[in-house]
Every structure is written in structure tokens, then in C-alpha cells.
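Chains, contacts and geometry: an overview
The residues making up each chain are set out below.
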Amino acid sequence: METSVFVMVIAAAALHAGWNALLKIGLDRFLTASLIQIGAGIVALIALPFVAVPHAAAWPWIILSALLHIGYNLFLSRAYQHGDLGQVYPISRGSSPLLVALLSILFLGEILPAGQWLGLSVLVGGIWLMAIRGGHGASSRGLLINALLTALFIAGYTLADASGARANGDPLSYSAWLFAANGLVAALVIIAQRGPAVVSALGPHWRAGLLGGAMSMLAYSIAIWAMTHAPVALVSALRETSVVFALLIGRLWLKESLPPLRAMACLIILAGVAMMKLA
């Protein structure tokens, strides 16, 4: 991976952590995820006049990705019914890079060298370490099943978007239309599930939705661009360094505690990043 691509993906991870920090707005997780996707969709609509219409070969991937995002939101919200953010997030986000690495061998023919596999494994191990907290929910079967299914959907839409952006030849165009489609689908799904009254529940949070949506769109658009320049598995793994930035944001701005185990997990993640870059 070229240094410029590496730096951009790390910046995208920081943005990803930033918009996640905006989510403490008093809504349930499914509503919050839908709000962010709708906000990103509105931002994308503004961008559409300035980008090309995707090629025909890209549209099946855009549609597939939008459908996979529904499954992602569904199982993520179910996972949060069994555990908190500190457990669900590391298991779901930490498992997806391994799934992407394995599936990219089958579907994209991308095989990582041994050194990068080692670095990826160390990084994922560090993320999983963050989920070790003890308590009644730590070994919940429902938590584990739904978090791993969430990881599977993350891997699915990651591979779909990598394939779609590569087929389109223009990652910016692909990203804009993808987020517009995702926003529309998210709005339709949440209204169908919660009824038209849900609009009133989301209305007071429109500023957070737009800001978070813009940050989400920028972060993932960078990742999509990077996947046209580097192996998908590497980009996927580096994106998950967002957990480190999330902890730093929590410590520095939200005045949250940083337990020694999580501090050690951060160091392991950074070691994995260094191994992947140097391999």
C-alpha cells in the first residue's frame, strides 16, 4: 500500500470515529444508524449534479450494497439488545477484516503475503481484546451471534463496494450514488418499520444527522477510493483503527476512563498497523 493511500485510510478511520461520537443523541441504535444514513443520503443528493452517472456494470453492486446495509443495521441493533457498545463494536468491527481477507481470496483473487496476514491478525486481536470486560453480557450467545452476523454484512458490503467502484472506474461517482441509494432505502425501511410518526422522532436531531452523515460519507468514500488502489483486506483492516480514535475522543473530549486493558489493546492495534505497513 502506497503511503498516500495509507495516510488517507487512517484519516478516514478518524472521521469514522468522529461521526460515531455524535451518536449519543438519545435515540435507539437502529434509529440513530438510519438517521446517519438518511443524512448522508441528503448530502449525496447535493453532490449528484457534480458527478457522473455510474456505468451500468456498477448498478448491481450499488443495489446489493444498499440491501446489505439493511441487514447490517438490523443485526447491529439486535446485537445492542444483548450487549453495550464496548462489546458489540469490537466483535463486529474486529471480525469483519478477517472475513474480508478470506472472501477477497475467493471473489477477488487477492492474496496477502504472510507478513501482512500476521499484521492483520495482530490488529484484529487487539480489537477483540477491547471486548473482554467481564460481566453478564460478555459471553452472551445472542450478542456473539448477532455481532458476527453484523460482521458478515460489513464484509459483504465492503466487497460489493470494492467491486462496484472498480467496475465503475470512478470511485467518487460510485460513492455519491451509493449514499443516495442508501439514504433512500434507509428512509423507506425505517418508515415501513416504525410508521410515518418516526419522522417526528428524527426531526429534532436533523443537524446531528446531516453532520454525522457528511462525515460518514467522506470517511467511507475515502475507503472506497482506497480500495481501487490497494488490496481490499488491507483497507478494511486499517479502517478499523477507528476504535483507537474512538477511545482517544472518549478520553480527551468526553472525559471517559481508559482502562489499562484497553490501553494495551490500542498498542496491539498500532503494532498490527505497523506490521501491515512494513510487510
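The rules behind these values
- Residues numbered from 1 in each chain as written.
- Predicted model: local features only at pLDDT ≥ 70, side-chain atom pairs only at ≥ 80, totals over all residues.
- Heavy atoms only, no water.
- UniProt positions renumbered as here; feature names shortened; annotations may be inferred.
- Helix = DSSP H or I, 4+ residues; strand = E, 2+ residues; numbered from the N terminus.
- Expected span 1.5 Å × (residues − 1).
- Buried < 20%, exposed > 50% of the residue type's maximum accessible area, 1.4 Å probe, protein only.
- Contact = heavy atoms within 4.5 Å.
- Polar contact = N/O pair within 3.5 Å; in protein donor to acceptor, adjacent residues only side chain to side chain.
- Patch = residues over 30% accessible without salt bridge, like charges linked within 9 Å, V, L, I, M, F, W, Y side chains within 5 Å.
- Areas by Shrake-Rupley, 256 points an atom, 1.4 Å probe, with all protein chains shown as cover.
- Salt bridge = Lys/Arg side-chain N within 4 Å of Asp/Glu carboxyl O.
- Phe/Tyr/Trp six-rings, centres within 6.5 Å; stacked < 30°, edge-to-face > 60°.
- Lys NZ or Arg CZ within 6 Å of the ring centre and 35° of its normal.

- Going by what an unreviewed UniProt entry lists, the protein is known as EamA-like transporter family protein and is assigned to Pseudomonas straminea.
- According to UniProt, the comment filed for the protein under the heading Subcellular location (unreviewed entry) is "Cell membrane".

A look at helix α7 (residues 171-194)
- A rise of 1.5 Å per residue sets the reference length of α7, with its 24 residues, at 34 Å; its end C-alpha atoms lie 34 Å apart and thus fit the reference within 8%.
- Of the positions making up α7, those classed as buried are Pro171, Ser173, Tyr174, Ser175, Ala176, Leu178, Phe179, Ala180, Asn182, Gly183, Ala186 and Ile190.
- The secondary structure elements touched by the buried residues of α7 are α2 (29-47), α3 (59-79), α6 (141-168), α8 (198-202) and α9 (206-227).
- Capping of α7 at its N-terminal end is provided by aspartate 170; its side-chain oxygen lies 3.2 Å from the backbone amide nitrogen of leucine 172.

As for a nonpolar patch on the surface
- Residues Leu102, Ile105 and Ile111 make up a contiguous nonpolar surface patch of roughly 290 Å² in combined accessible area.
- Position of isoleucine 105 relative to the elements: it lies in helix α4 (residues 85-107).
- The partly exposed category is assigned to isoleucine 105, whose relative accessible area is 30%.

Topic: the packing of aromatic side chains
- Tallied over the full model, the rule gives five aromatic pairs.
- When the ring of tyrosine 72 is compared with that of tyrosine 157, the centres are 5.7 Å apart and the planes differ by 80°; the resulting orientation is edge-to-face. Of this pair, tyrosine 72 sits in helix α3 while tyrosine 157 sits in helix α6; the two residues are 85 residues apart in sequence, bridging distant segments of the chain. Tyrosine 157 shares its class with tyrosine 72; the two are buried.
- Between phenylalanine 75 and phenylalanine 153 the ring centres are 5.5 Å apart and the planes differ by 20°, which places this aromatic pair in the stacked class. Placement of the pair is phenylalanine 75 in helix α3 and phenylalanine 153 in helix α6, with a sequence separation of 78 residues.
- Under the relative-accessibility criterion, phenylalanine 75 is labelled buried at 16%.
- Between lysine 277 and the ring centre of phenylalanine 6, over which it is positioned, the NZ or CZ distance is 5.7 Å.

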